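Survey of secondary and tertiary structure
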Amino acid sequence: MLKTYTRWSERCLTLAKVIWGARCGKSARRVLLGETRSSGHAYSVRRQRESASWREAPHRLPPARLVSTIPLDRWLATNYPQVPFERYADDVIAHCRTEREAQEVRKAIAERLQTCGLELHPEKTKIVYCKDDLRKRKYPNEKFDFLGYTFQPRRSKNHKGKFFINFSPAVSNKAAKAIRDTFRSWRLPQRSDKAIEDLSRMFNPIIRGWLQYYGRYYRSALYPTMRELDRDLAFWAKRKYKKLRGHLRRATHWIAHISRRSPVLFAHWQMGCRVTP
């Protein structure tokens, strides 16, 4: 896979991605091509991508930077009709079947952008190999990030219960870190004046949104991040209830009991990420 970003030489634009590999895993293709129902993340990605391309610019993206990418879409569709591609705002991925084709597409895009006063980002522009059970060669780049997901080889299970390696998406480290930073910004241990039902009303809609977006594929990758939230809740309980003060383990057991008794309070408890004492 070739992943290509570009930028304005003087106006700081990040623009394109291109990809190499016979094809991604099924889950990866569904995310990138938007082949899911309206309740899933991939459908919303496709819808937002079309909205950003033709109607309005996404948050914090100047319209002038966005409009410049539309001719690139048409140029790729005209000159490389055999190369599928996806774009969200100024972030583009194109799929190539061979490394030679990926190198050719990358060179052609660089030449095309140069005529427009643009250049490929020297660090972010890369060829990524979609490695799985059928494609076992080694390559310097075997993963890439797109829209908060990291696409890379992962262990999966088929309908017969057999494990295999599949090129599929999961929440990226950068997105997971942003979620943990948000947890810290909530300062849950300091909200001892609130009941757990109040905390649920305040923050569960946000948690549910994260799970619907990042938990669409390889949901277990979210479990370590959600455990950070459970730990904050344990610190909150330790500070709120006199019988739990100074006893973090006892507070963790109490939160675990609440997660089993009322899993509807927090969305990650409903998806099976229960508190482990």
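To be clear, the structure that these remarks concern was listed above.
For every chain, the first residue of the written sequence is number 1, and numbering continues from 1 onward in sequence order. For this predicted model, a pLDDT threshold of at least 70 governs which residues receive local features, and a threshold of 80 or more governs which side-chain atom pairs are given and counted, while totals over whole chains, interfaces and linings are taken from all residues. In computing side-chain properties, one takes all heavy atoms of the structure into account and sets aside hydrogens as well as water.

The next subject is the overall build of the protein. The numbering of helices and of strands both runs from the N terminus, where a helix is a DSSP run of H or I of at least 4 residues and a strand a run of E of at least 2. Across its full length, the protein carries ten helices and ten strands. With a 1.4 Å probe rolled over the protein chains alone, any residue whose accessible area is under 20% of its type maximum counts as buried; one over 50% counts as exposed, and the rest are partly exposed. Buried positions account for 47% of the 277 residues belonging to the protein. We call two residues in contact whenever any of their non-hydrogen atoms come within 4.5 Å of each other. For the protein, restricting intrachain contacts to residue pairs at least 6 apart in sequence, the fraction spanning at least 24 positions comes to 57%. Accessible surface for the protein amounts to roughly 15,300 Å². Of this, 48% is attributable to carbon and sulfur atoms. Residue exposure ignores everything except the shown protein chains as possible cover, and the areas themselves are Shrake-Rupley values with a 1.4 Å probe.

What follows is about the pairing of strand S4 (residues 85–88). Whether two strands pair depends on DSSP finding at least two bridges between them. Sheet topology places S4 next to strand S5 (residues 91–96); four bridges connect them, and they run antiparallel. Its bridge partner lying in S5, Tyr88 is registered against Asp91. Here S4 folds back onto S5, and the loop between the two strands holds two residues, one of which, Ala89, carries a positive phi near 55°.

So, on to unusual backbone geometry. Even without a glycine there, the phi angle at Leu147 is positive, about 55°. Residue position: Leu147 is located in the loop between strand S8 (144–146) and strand S9 (149–157).

Once that is clear, we can look at the pattern of salt bridges. Salt bridge, as used here: a side-chain nitrogen of Lys or Arg that lies within 4 Å of a carboxyl oxygen of Asp or Glu. Counting across every chain of the model gives seven salt bridges. Ionic pairing is found between Lys177 and Asp181, a salt bridge with its closest N-O pair at 3.1 Å. With Lys177 and Asp181 both in helix H6 (residues 173–186) and four residues apart, this pair spans about one turn of that helix. By relative accessible area, Asp181 is classed as partly exposed at 30%. As a salt-bridge pair, Asp198 and Arg201 come within 2.3 Å of each other at their nearest N and O atoms. Of this pair, Asp198 and Arg201 both sit in helix H7 (residues 196–214), separated by three residues, roughly a single helical turn.

Looking now at the nonpolar core. Trp186, Ile196, Ile207, Leu233, Ile255, Phe266 and Trp269 are the most contacted members of the largest nonpolar core, which has 30 residues in total. Of all the elements in the fold, those that place two or more residues in this core are H6, H7, helix H8 (223–240), helix H9 (248–261) and helix H10 (267–270). In terms of residues, this core owes the most to one element, H7, which gives seven residues. What is meant by a nonpolar core is a set of buried Ala, Val, Leu, Ile, Met, Phe, Trp, Tyr and Cys residues, joined one to another through side-chain atoms within 4.5 Å. If you look at the next biggest cluster of nonpolar residues, it comprises 18 residues, including Cys96, Ala108, Leu113 and Tyr139.

To continue, consider the pairing of S5. In terms of residue burial, S5 counts as a mostly covered element, since six of its six residues are buried. Residue alternation in S5 divides its side chains into two sets, Asp91, Ile93 and His95 and Val92, Ala94 and Cys96, and both sets are buried.

Attention now goes to the packing of H8 against H9. Only the stretch in contact is used when a helix axis is fitted, and all axes are lines through C-alpha atoms; the angle between N-to-C directions ranges over 0 to 180 degrees. At a minimum axis separation of 8 Å, H8 and H9 run at an interaxial angle of 110°. Considered as vectors, H8 and H9 are oriented roughly perpendicular to each other. The two elements H8 and H9 cross, and the hand of that crossing is right-handed. When H8 is examined against H9, the residues Arg231, Leu233, Ala234, Phe235, Trp236, Ala237 and Lys238 are found in contact with a partner set consisting of Leu248, Ala251, Thr252, Trp254 and Ile255. Here is the rule for angles: anything less than 35 degrees is roughly parallel, anything more than 145 is roughly antiparallel, 65 through 115 is roughly perpendicular, and the remaining ranges are oblique. Each crossing gets its hand from how the near helix is turned against the far one by less than a right angle, where anticlockwise is left-handed and clockwise is right-handed.

Coordinates in, geometry out; function isn't part of it.
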